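Chain by chain, the residues run as shown.
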Amino acid sequence: QVQLVESGGGLVQPGGSLRLSCAASGRTFSLYGMGWFRQAPGKEREFVAAISGTAYSTYYADSVKDRATISRDNAKNTVYLQLNSLKPEDTAIYYCASSREIGVRRTRDRYDYWGQGTQVTVSS
């Protein structure tokens, strides 16, 4: 059974930073791409960032491209999302997900396991 557990969310002021973590268990971590998605109230879940199993490739949504960094530590079975220069529109529940494949994937249907999410609120 694959389990994904996110942490690191919270309340942050506009312009601030957060680092989200996602600890994975249940299958060989390095063989699968990982992604971060987010869902704001009343909106659909949207892609944020993805990283390949080897960490060689990454991809970002345009909305976060210059403000986010996705990384992974395969020795710790953990993926991270660093968010900088946070804006109120970044407020959402952030979910990590494990892909069906080793490469970078940007659509929800390519992911087969999801965490429970961590709330990020950007407000003064």
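The shown structure was predicted, so the numbers you read here are calculated from the model rather than taken from an experiment.

The next point concerns the pairing of strand β7 (residues 68-73). Across the two faces of β7 the burial differs, with A68, I70 and R72 buried and T69, S71 and D73 not buried at all. Where β7 lies against strand β8 (residues 78-83), six bridges are found, and the strand directions are antiparallel. The partner of A68 across the bridge, within β8, is L83. Between β7 and the antiparallel strand that follows it, β8, lie four residues; N77 among them carries a positive phi value of about 55°.

Let us look at the sheet that holds β7. A sheet is described by the order of its strands in space; here four strands give the open sequence β1-β3-β8-β7, paired in antiparallel fashion. Two strands lie at the open edges of the sheet, namely β1 (3-7) and β7, each paired on one side alone. Between one strand axis and the next, the sheet turns by 15° as a mean value, whatever way the strands run.

For the structure shown, the criterion picks out five aromatic pairs. With 5.7 Å between their ring centres and 75° between their planes, F37 and F47 make a pair best called edge-to-face. Pair noted here: F37 is in strand β4 (residues 34-39) and F47 is in strand β5 (residues 46-51), with a separation of 10 residues, a long-range link. Overall, F37 belongs to the buried group, its relative accessible area being 1%. Directly above the ring of Y32 sits R27, whose terminal nitrogen or CZ lies 3.7 Å from the centroid. The ring of Y95 has R45 lying over it, and the distance from NZ or CZ to the ring centre is 3.6 Å.

Definitions and limits used
Residues numbered from 1 in each chain as written. Predicted model: local features only at pLDDT ≥ 70, side-chain atom pairs only at ≥ 80, totals over all residues. Heavy atoms only, no water. Buried < 20%, exposed > 50% of the residue type's maximum accessible area, 1.4 Å probe, protein only. Helix = DSSP H or I, 4+ residues; strand = E, 2+ residues; numbered from the N terminus. Pairing = 2+ DSSP bridges. Axes fitted to C-alpha atoms, helices over the stretch in contact; angles between N-to-C directions. Phe/Tyr/Trp six-rings, centres within 6.5 Å; stacked < 30°, edge-to-face > 60°. Lys NZ or Arg CZ within 6 Å of the ring centre and 35° of its normal.

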